[in-house]
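Here is what each chain is made of, one letter per residue.
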Number of protein chains: 2
Amino acid sequence: MAIRVGILGYGNIGRGIEWAVSTAPDMELAAVFTRRDPSSVKIRSNAEVVSINDIEKYKDKIDVLVLCGGSATDLPEQTPRYASMFNVVDTFDTHARVPEHFGNVDAAAKKAGKIGIISVGWDPGMFSLNRLYANCILTDGKDYTFWGKGVSQGHSDAIRRIEGVQDARQYTCPVPEALAAARSGENPELTTRQKHTRECYVVLKEGADAARVEKEIKTMPNYFADYDTTVTFISQEELDRDHKGIPHGGFVIRTGKTGWNGENKHTIEYSLKLDSNPEFTSCVVAAYVRAAFRMNNEGMTGCKTVFDVAPAYLSEKSGEELRKTML
Amino acid sequence: MAIRVGILGYGNIGRGIEWAVSTAPDMELAAVFTRRDPSSVKIRSNAEVVSINDIEKYKDKIDVLVLCGGSATDLPEQTPRYASMFNVVDTFDTHARVPEHFGNVDAAAKKAGKIGIISVGWDPGMFSLNRLYANCILTDGKDYTFWGKGVSQGHSDAIRRIEGVQDARQYTCPVPEALAAARSGENPELTTRQKHTRECYVVLKEGADAARVEKEIKTMPNYFADYDTTVTFISQEELDRDHKGIPHGGFVIRTGKTGWNGENKHTIEYSLKLDSNPEFTSCVVAAYVRAAFRMNNEGMTGCKTVFDVAPAYLSEKSGEELRKTML
């Protein structure tokens, strides 16, 4: 019997999950839950669209609910709440608040006999896993994470809030020299400015002062002031034509030494190059939906992260088949 | 209390484990077991060196035994045998015989209430894990594994068996154009010859016929005939000076498509660059020694592979600490 998947929130991630579930031989989309008027939400597949207010009626109709809200306000409240009714998976990505979120989800899920897998995606997610594996192997070493080249929605939004800006797209770019230095095994200390540059493509409103906008961007604290930032003004047509996608990616590198005199150097590198950040994230989430279902079927409950999930749970193949084909 | 580790076999891997255990804050080396006369085996640390004939006496003195023998004849016999007395970890790397080996170790370990983790290292091992994760995420895609640049002991040995050869070192090298093609996402079909070249450094015995040796190498079935092979004759001094190390590494790449029309391409890449193949392998093994100990303490028994081990078991850090620092 297929794993019956529910989706809460039909944004980029929700749509990505819908696609990923449609391609999984062992899953079916049972329902999309929304805070909007269900009749106003058109989805691709044949699943029901249901008001969030009716979600409790689906307690026995859904095996795993995927929470596709934002990390700032939605998930801290939604994940614990729905972990008391369903196995859940979320993409909570506020690294600093993970311990608190974990505690809340763990309590709710344990009480309900459910599983909640939090912070699934690529960072946190696959990047975290690679940091962990690499640290357990090369215990005497140094970690580097680079992001990009990719679109940062947060930084794009920050530019859009500046007076006189009509639209904007911001790319985070790793600096090739810093990447090379990290890989070298020389354990360089790299500053924020050395590691990444920020490329901004900005559409001005009519009559806006380009010089002022550029200065406001480049001096914005936290977002741009610590980086070498370039600002390129383009037309809305150009932005729509050349900067429509949501690519991203990055690099997790760990270098370390082994041997009685630290004489041997090693480099472990994991990298992603993604045409669509939300679709890739959704693919990771779909694999952990499968894991949540199977782990809960085996009697496991409580909050989990990617660190707690044995890799074999992610595959629809049997252990025997995996050992034969992938080991 | 520290995890008490035993080592069976004091070759390159055994020595690597000895070093890795010496750096692990939660492990201690309890004994090195050998088929040789124990008094003839000099080890770096203070642990006992014990005849293999006395190993049963250590049943309660060792938490995890690492089996460092060869995959051809040692491990198929040793791992099941010692899984009936100890938690064990091995580096069994004959991919085709994994199912059979798994079955034998599983039966022995389950009967004894122990855990046996087999095929630990980087391939099989970390490369297998990356194949699995990438396949579970990008379900519509294609895998590529490249090895090198690195020393192949098997190929070096094959050259040494040729008449007139005094010594030899063989490097397996990925072809840069093939790597680029794999990363492109165009899903090229790559032949054996297209993916790797083989570089041979050969020391001839006095009076040996260089042309005949070169021809014998280049036409050797399975080992060299399917590859573009270069043979360079050097002196023993040059070989000892320039080719003493045991470097290795490689690349696991998966490319795939997402979206209702397959419109978005993605590339996942994992790579290793290792100065010392056996020392890196030993570091991976040490992490799985910790996992074997902890999983068995939680009541798990039977044969496991890297696919069955939740990543958190590999770290001596608590789940809380891992979530705080690495997620």
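Note that the coordinates shown come from a computational prediction; the quantities given were computed from them, not determined experimentally. Counting of residues starts from 1 at the beginning of each chain's written sequence and follows it residue by residue. All chains are assigned letters beginning at A, and all ligands numbers beginning at 1, according to the order in which they are written. Confidence filtering applies because this is a predicted model: local features only for residues at pLDDT of at least 70, side-chain atom pairs given and counted only at 80 or more, and all residues used for totals across whole chains, interfaces and linings. Neither water nor hydrogens contribute to the side-chain values; these are computed over all heavy atoms in the structure.

Chemist: Break down the relation of the copies chain A and chain B for me, citing the residues and quoting the values.
Modeler: The superposition of copies rests on a least-squares fit of C-alpha positions from residues with pLDDT of 70 or more in both. Here chain A sits on chain B after a turn of 180° about the axis and a move of 0.0 Å along it, with an RMSD of 0.0 Å. Taken together, the rotation and translation describe the operation of a two-fold axis. The C-alpha atom lying nearest the rotation axis in chain A is that of A:Ala310; the distance is 1.9 Å. Interface residue correspondence from chain A to chain B reaches 100%, placing this contact among same-surface, isologous pairings. In this analysis, two residues are considered to be in contact whenever any of their non-hydrogen atoms come within 4.5 Å of each other.

Chemist: Tell me what's going on with the sheet that holds strand 3 (residues 48-51) of chain A, and back it up with residues and numbers.
Modeler: Residues and elements named next belong to chain A. Ordered in space as 3-2-1-4-5-6-14, the 7 strands form an open sheet in which the pairing is parallel. Pairing within the sheet leaves two strands with one partner each, and these edge strands are strand 3 and strand 14 (302-304). The mean inter-strand angle of the sheet, taken between neighbouring strand axes irrespective of direction, is 25°. The sheet contact formed by strand 5 (residues 87-90) and strand 6 (residues 115-117) spans 2 bridges and is parallel. Bridge pairing in strand 6 places valine 88 opposite glycine 116. Axis angles are defined between N-to-C directions and span 0 to 180 degrees, where every axis is a line fitted to C-alpha atoms and, for a helix, only to the segment in contact. Secondary structure elements follow DSSP: runs of H or I no shorter than four residues count as helices, runs of E no shorter than two count as strands, and numbering proceeds from the N terminus. Packed onto the sheet, helix 3 (residues 98-112) meets strand 5, strand 6 and strand 14 and runs at close to 140° relative to strand 14. Whether two strands pair comes down to DSSP finding at least two bridges between them.

Chemist: Could you give an account of unusual backbone geometry, with specific residues and numbers?
Modeler: Put simply, A:Asp123 and A:Pro124 share a cis peptide bond, and its omega is 5°. Mapped onto the elements, A:Pro124 comes out in the loop between strand 6 and helix 4 (126-137). Its identity as a non-glycine residue notwithstanding, B:Ser119 has a phi of 60°, on the positive side. Within the element layout of this structure, B:Ser119 appears in the loop between strand 6 (115-117) and helix 4 (126-137).

Chemist: So what's going on with the environment of B:Glu316? Residues and values would help.
Modeler: All names here are of chain B. Relative to the elements of secondary structure, glutamate 316 occurs in the loop between strand 14 (302-304) and helix 11 (319-325). Separated by 292 residues in the primary sequence, glutamate 316 and alanine 24 have C-alpha atoms spaced 8.8 Å apart. The residues contacting glutamate 316, other than those within four sequence positions of it, are Pro25, Asp26, Arg290 and Arg294.

Chemist: Before we move on, can you summarise the nonpolar core with the specific residues and values?
Modeler: Each nonpolar core is a collection of buried residues, namely Ala, Val, Leu, Ile, Met, Phe, Trp, Tyr and Cys, held together in the definition by side-chain atoms within 4.5 Å. When accessible area is computed with a 1.4 Å probe and restricted to protein chains, residues below 20% of their type maximum are described as buried, those above 50% as exposed, and intermediate ones as partly exposed. Counting 168 residues, the largest nonpolar core has A:Phe33, A:Tyr82, A:Tyr288, B:Phe33, B:Tyr82 and B:Tyr288 as its most contacted members. In this view, A:Tyr82 contacts A:Leu8, A:Ile52, A:Ile55, A:Leu65, A:Leu67 and A:Val88; residues no more than four positions away in its chain are not counted.

Chemist: Before we move on, could you go through the interface of chain A and chain B and cite the residues and values that matter?
Modeler: Contacts between the two partners involve 63 residues from chain A and, on the opposite side, 64 residues from chain B. Taken together, the two surfaces of chain A and chain B that pack against each other cover about 5,700 Å², and 66% of this comes from carbon and sulfur. Salt bridges, as used here, are contacts in which a Lys or Arg side-chain nitrogen is within 4 Å of a carboxyl oxygen on Asp or Glu. Linking chain A to chain B there are 0 salt bridges. N or O atoms within 3.5 Å of each other form a polar contact, as long as, within protein, one can give a hydrogen and the other can take it, and as long as residues adjacent in sequence are counted only when both atoms are side-chain atoms. In this structure, the connection of chain A to chain B is made through 23 residue pairs in polar contact (both at pLDDT 80 or more). When contributions to the side of chain A that touches chain B are tallied by element, the ones reaching two or more residues are helix 1 (12-23), helix 3, helix 4, strand 12 (248-258), strand 13 (264-274), helix 10 (277-297) and helix 11 (319-325) of chain A. The leading source of residues in the side of chain A that touches chain B is strand 13 of chain A, at 11 residues. Note on residue categories: nonpolar means Ala, Val, Leu, Ile, Met, Phe, Trp, Tyr, Cys or Pro, charged means Asp, Glu, Lys or Arg, and polar means any other residue, Gly included. For the side of chain A that touches chain B, the class distribution of residues is 32 nonpolar, 17 polar and 14 charged. Relative to strand 13 (residues 264-274) of chain B, strand 13 of chain A runs antiparallel, the two being bridged by 9 bridges. Two parts placed together each lose some accessible area under a 1.4 Å probe, and the buried area is that loss summed for both.

Chemist: Can you tell me about the packing of aromatic side chains, naming the residues and giving the values?
Modeler: Pairs were defined over the aromatic rings of Phe, Tyr and Trp, the Trp ring being its six-membered one, requiring ring centres within 6.5 Å. Orientation was assigned from the angle between planes: stacked under 30 degrees, edge-to-face over 60, tilted for the rest. According to the stated counting rule, one finds 9 aromatic pairs over all chains in the structure shown. Each ring, one from A:Phe127 and one from A:Tyr270, has its centre 6.1 Å from the other, and the planes form 85°; the classification is edge-to-face. Of the two residues, A:Phe127 sits in helix 4 while A:Tyr270 sits in strand 13, which places them 143 residues apart along the sequence. You'll find A:Phe127 and A:Tyr270 in the same group, each marked buried. A ring is scored as having a charge over it whenever the NZ atom of a lysine or the CZ atom of an arginine sits within 6 Å of its centre and within 35 degrees of its normal. Against the face of A:Tyr227 rests A:Arg198, its NZ or CZ located 4.1 Å from the ring centre. Its end group placed over the ring of B:Tyr171, B:Lys149 keeps NZ or CZ at 5.0 Å from the ring centre.

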